[in-house]
Each structure stands twice: as structure tokens, then as C-alpha cells.
Amino acid sequence: SKAHKLAFLGLGQLGSRLAGRISSQFPLHVYDLHLDAMESHKKEFNTSPVSDLSWALDGAEVVVSCLPRSANVAKVVKEAELAKIKLAEDALWIDCTSGNPSETREIAKRLQDGHGCNFLDCAISGGPRGADTATITSMCGGDEKTFDMAKPILETFSEHMFLLGPVGSGHAIKAVNNTLLAAHIWLASEALVSLAKAGIDPKLACETIEKSSGKSFAFEQRMPDFVLPRTFDFGFSMELLAKDVNVCSHFLKDLGVPTPMLSQTRELINLAMVEQGASSDHVEMAKVLERWGGVEIKPKKAEEKE
């Protein structure tokens, strides 16, 4: 077997955790632009850092990428072409980037034409914690053969795996999903700020709505786990959420479908990014509503309830 049979590209907050799960079942070479990220990953998961991208890809039978944008994946593919790198015969490329569907299809075609490579876009829902606990939902685009090839890798971190259609389908549904997430968090923040202003304990309000018809994942998990405790540390930046919402907006615009609420969500998430900063956690959009409302979404103390 080849020394670098399986290569993982991109050790960001999510990528590092996905690579950790994969390495529990497969010997794994890891590549990142930041050497310290590779070294710390080696210490935690006993993976093999590779400082040369060309060496990581040359002869690789499986490549998993988890990069900030499709443009980063396209750049890697172009660098491999310029260096005349060849993947193994019938290789598999799994792209876990939150990508742009049209760019993803172009990347898949280049890999197929240049390497005969099987490509699966595998968008991830569940974040770093989901990767750590192997409870990820994997949203995939590709053909049945490629999906079956990828299953042993996906099963290391996924609780649910869906093949949604041809290449680009996984990235399309991820963009829509994350736009819904942004809308849900914004709406939940508006609701809880308003109820707090009315003198109702936000914690009790959250628990009540979570058991009622107005519930969403924001009330089930984001608010109680990251906003009410005031930690705001889910591990997914405002910039990356805004990127997904912008991808969704362009995707829907190309379809010519009227989407007034999803379009409004794009405006609000970009506003929140300006107010809170690109590197802020996405749940910090709640702070924008708190400032506007003059109250915080936090549990009432015992003495305040009397």
C-alpha cells in the first residue's frame, strides 16, 4: 500500500476534528498551510504531517478536503496540475468544504478529466462538536458508486448520510440549510430579547418555546447551549456563515425563485458581521439584537424572579 494512501487537506476548526475521526480508523496524512496546526494534530491524533502539498496528493487514493471556500479547493487542484501530480487510478476525492455548487461541478470535472477521479461533495452539518461525537449529518452530491466508495470514510464521523443528487447537490442544500440556521437564530434572538424586555425569564421562555409549535434548532441547541450561558463559543465564524448565506442567495437568484425571507436573512447576517466582526462566532448575532433591545438573553437570577 502507498505511504500516503489517504490525505486530508485543511485543519481548521472543523477539518481538524473530521481528520481526527478519520484517523481513528485509517492511517492519515494531513496537510495545512500552518505548520503548527499539523504538529498539534500529530500530537493529538498521531497523524502524519505533510509539508509538501504535491507529495500529499501524488498517488493518493483518497483525498478529503475541508477548506474555507471552493476557490481554495480549485487552487489546490490547479497547483497539482501545474506540478504534474497524478492521483492514484480510480481515486476518490471527498470535498467537505461548504462550497459553491457551480464551482464544485467545475472542480469535479477537472479532477475527472485530468485524473479519472471520483468526486463527492460532502457538506457537513454538526460543527466541531458533531465531528468529535460522530454525530455529523453528511449532505452529499455525486453518483451511487462514488457515494459507496466514500461510506467507510463518512461513517467515521457521520450519524446520518444523504446522497441528494449529482455533484453540487450537497453544497446546494448546505447553503440553504445554513441560511435557514441564520434566520432561525436571528428570529430566536428577536423573540427572546422581546420576552426579556417584557420581564419574562429568557431561560424559561426558551424551554417553553422548545416544547411548542414555534420551536426550531435555535431554541433546542444554539440558544440554551451557547447564548444563555453567555459562552458564544460554538466554533463557527460569522464570516463563514455569511459566506454560506451569500452562496445560497446567488444559487437561488440563478434559479429565478422569489425568496423574500431568505434574501432578508442575507442582509441581516451581513449586518451582524459588520457589527460583530468577521471572526466572531455566528451565535454572536444575538448580541446585535441585545444591543438594540437594551437587554441580555440570560437566565434571571433567583432574586430577580421574586
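Everything below is about the structure shown above.
As a starting point, this report considers the structure included with it. Bear in mind the structure is a predicted one, so any value in this text is a computation, not a measurement.

## Remarks on the environment of Leu 187
Residue placement: Leu 187 occurs in helix α8 (residues 169–197). Looking at Leu 187, the relative accessible area reads 47%, which means it is partly exposed. Through-space distance from the C-alpha of Leu 187 to that of Gln 221 is 14 Å; in sequence the pair is 34 residues apart.

## Structural notes on the environment of Val 63
Relative to the elements of secondary structure, Val 63 occurs in strand β4 (residues 62–65). Residue class for Val 63 comes out buried when judged on its relative accessible area of 1%. In this structure, Val 63 is in contact with Ala 7, Leu 9, Leu 57, Leu 87, Leu 92, Trp 93 and Ile 94, ignoring residues within four places of it in sequence.

## Some words on the packing of aromatic side chains
Taken as a whole, this structure holds two aromatic pairs when the rule is applied. Centroid distance Trp 186 to Trp 292: 5.9 Å. Interplanar angle 70°. Geometry classified as edge-to-face. Linking Trp 186 in helix α8 with Trp 292 in helix α13 (residues 285–293), this pair joins segments that are 106 residues apart in sequence. Overall, Trp 186 belongs to the buried group, its relative accessible area being 5%. Both rings, one in Phe 226 and one in Phe 234, keep their centres 5.4 Å apart while their planes meet at 80°; by these two values the pair is edge-to-face. The class of Phe 226 is buried, set by a relative accessible area of 4%. Taking relative accessible area as the criterion, Phe 234 reaches 4% and is therefore assigned buried. Over the aromatic face of Phe 234 sits the side chain of Arg 222, whose NZ or CZ is 3.9 Å from the ring centroid. The side chain of Lys 287 reaches across the aromatic face of Phe 232, ending 4.5 Å from its centre.

## A few points about the state of the cysteines
Overall, the coordinates contain zero disulfides when judged by the stated rule. Cysteine Cys 140 is unpaired, with the sulfur of Cys 122 as its nearest cysteine sulfur at 3.9 Å.

What counts and how
- Residues numbered from 1 in each chain as written.
- Predicted model: local features only at pLDDT ≥ 70, side-chain atom pairs only at ≥ 80, totals over all residues.
- Heavy atoms only, no water.
- Helix = DSSP H or I, 4+ residues; strand = E, 2+ residues; numbered from the N terminus.
- Buried < 20%, exposed > 50% of the residue type's maximum accessible area, 1.4 Å probe, protein only.
- Contact = heavy atoms within 4.5 Å.
- Phe/Tyr/Trp six-rings, centres within 6.5 Å; stacked < 30°, edge-to-face > 60°.
- Lys NZ or Arg CZ within 6 Å of the ring centre and 35° of its normal.
- Disulfide = S-S within 2.5 Å.

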